[in-house]
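Residues per chain are reported as follows:
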Amino acid sequence: MKRLLSLFACALVATPLFAADLQAGKAKVDAVCSACHGANGISVSDAIPNLAGQRVAYLEAQLRAWKDGTRKNPIMNAIGGQLGSDDIANVAAYFASLPRGDGAAKSELMPQIARNRLAFPEDYRSWVQYDRVDQPARKQVQLFYANPVAAQAARAGQRLPDGAYLLGETYSAKLGADRQPVKGADGHFVPDQLLAYVAMSREAGWGRDFPELLRNEDWNYAVFTPARQPRAGFNQAECLACHKPQDRSSYTFTGDKLVAAVQAR
Ligand code: HEC
Ligand code: HEC
């Protein structure tokens, strides 16, 4: 017994409190982080940092800061908030183990993130226009529309079901002589040029291919050009991550505005 006890004591001294699991780290990186930071730690765009070969302590500190909100970014706060301390140690150790790859070409988007299932809804002007949001920093204004399936559910106070479709028109704001957005009679910025459409819709099974950490039930997201063509190259993982914390309002930010608009009619 004495011998067993001393063996046990030795084992305690020899192993660190928590040994990072590189395999588990790789699995999480491949499933989730690779959508933006690349499976090899070289990111998919210039707006997203490379993580390959970063120091473990730095990576862990950033992940804890995203998790507790002391460092702010809506996408990484949503992702960090879902990581446990084991996950943090494992993914940090894995990214740190990868070669830095300075100057390496950006990684490709994951196929299931790049794929786009939404068709442009040609009849959207007949839908409920339920909200209008000024974007002062970008000098833009967005008008949001909901299809009849979404409007009906909102009127009944239900979550948005399969078949729901929300569309936003993104316009540059009309600028005055001082180059600042002018306001119309309704107190909002005045739409000038149509820049793009943003869209979200859901159908059964559409979320199946996304990792749980990014998945928003069966919602998919899309961006369309003013010519109503799907815009290639946008990263659907960013849409999923930023909208994910809105799970209580069907993954929308403007869901309460939709409810207010349709219930007032
Ligand atoms: C949807 C895209 C996306 C996904 C998925 C994603 N990240 Fe990020 N990550 C970002 C962006 C964007 C930034 C830069 C944010 C900023 O600096 O404000 C970032 C920054 C970071 C940083 C800070 C790097 C630095 O140089 O300070 C760490 C660490 C990080 N991410 C880890 C992870 C891990 C681990 C995962 C997977 C569990 C992950 N990220 C998944 C988009 C993403
Ligand atoms: C940085 C966080 C963030 C990211 C990334 C993001 N959204 Fe949003 N989204 C918002 C916010 C906030 C609103 C509410 C309107 C506003 O204040 O801009 C919104 C509103 C919307 C709406 C109207 C329905 C709703 O949820 O309220 C659609 C549709 C939409 N976004 C689509 C997209 C698409 C497509 C992408 C990816 C290309 C995307 N979003 C990426 C934050 C984000």
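These figures come from a predicted structure and were not determined experimentally.

Visitor: Account for the site of ligand 1, with residues named and values stated.
Guide: Taken together, 21 residues surround ligand 1, and among them Cys33, Cys36, His37, Tyr58 and Met76 come closest. Measuring from a nitrogen atom of ligand 1, one finds a side-chain N or O atom of His37 at 2.8 Å. A distance of 3.2 Å is found between an oxygen atom of ligand 1 and a side-chain nitrogen or oxygen belonging to Asn73. When contributions to the shell around ligand 1 are tallied by element, the ones reaching two or more residues are helix H2 (22–37), helix H3 (56–68), helix H4 (74–80), helix H5 (85–97) and helix H8 (236–243). For the shell around ligand 1, the leading source of residues is H3, giving five residues. Its residues assigned to classes, the shell around ligand 1 comprises 16 nonpolar, three polar and two charged.

Visitor: Tell me what's going on with the coordination of the iron atom of ligand 1, and back it up with residues and numbers.
Guide: Around the iron atom of ligand 1, the protein contributes the donor atoms His37 (NE2) and Met76 (SD), at 2.0 to 2.3 Å from the metal centre. Coordination at the iron atom of ligand 1 comes from six donor atoms whose angles at the metal span 84 to 178 degrees, giving a geometry best classed as octahedral. Of this pair, His37 sits in helix H2 while Met76 sits in helix H4; the two residues are 39 residues apart in sequence, bridging distant segments of the chain. Summarising the burial analysis for this pair, His37 and Met76 share the class buried.

Visitor: Give a description of the sheet that holds strand E3 (residues 165–173) that names residues and reports values.
Guide: Strands sit in the order E1-E2-E3-E4-E5 across an open sheet of five strands; the sheet is antiparallel. Each end of this open sheet is capped by a strand with a single partner; those strands are strand E1 (128–135) and strand E5 (219–224). When the angles between neighbouring strand axes are averaged without regard to direction, this sheet yields 20 degrees. Against the sheet, helix H9 (residues 255–264) contacts E1, strand E2 (140–146) and E3, and its axis sits at roughly 135 degrees relative to E1.

Visitor: Which residues make up the domain arrangement of the protein chain, and what values go with them?
Guide: Considered domain by domain, the protein chain is made up of domain 1 (2–108) and domain 2 (114–264). Computed from C-alpha atoms alone, the centre-to-centre distance between domain 1 and domain 2 is 33 Å. With 13 residues of domain 1 at the interface, the matching set in domain 2 holds eleven residues. In total, domain 1 and domain 2 occlude about 930 Å² of area from one another, counting both sides; carbon and sulfur atoms represent 77% of this. Inspection of the domain 1/domain 2 interface yields zero salt bridges.

Cut-off values and rules
Residues numbered from 1 in each chain as written. Chains lettered and ligands numbered in written order. Predicted model: local features only at pLDDT ≥ 70, side-chain atom pairs only at ≥ 80, totals over all residues. Heavy atoms only, no water. Near = heavy atom within 4 Å. Polar contact = N/O pair within 3.5 Å; in protein donor to acceptor, adjacent residues only side chain to side chain. Helix = DSSP H or I, 4+ residues; strand = E, 2+ residues; numbered from the N terminus. Nonpolar A, V, L, I, M, F, W, Y, C, P; charged D, E, K, R; others polar. Donors = N, O, S within 2.8 Å, 3.2 Å for Na, K, Ca; no water. Tetrahedral: all angles 85-135°; square planar, octahedral: opposite > 155°, others 65-115°. Buried < 20%, exposed > 50% of the residue type's maximum accessible area, 1.4 Å probe, protein only. Pairing = 2+ DSSP bridges. Axes fitted to C-alpha atoms, helices over the stretch in contact; angles between N-to-C directions. Contact = heavy atoms within 4.5 Å. Domains from an automatic or database assignment. Buried area = accessible area lost by both parts, 1.4 Å probe. Salt bridge = Lys/Arg side-chain N within 4 Å of Asp/Glu carboxyl O.

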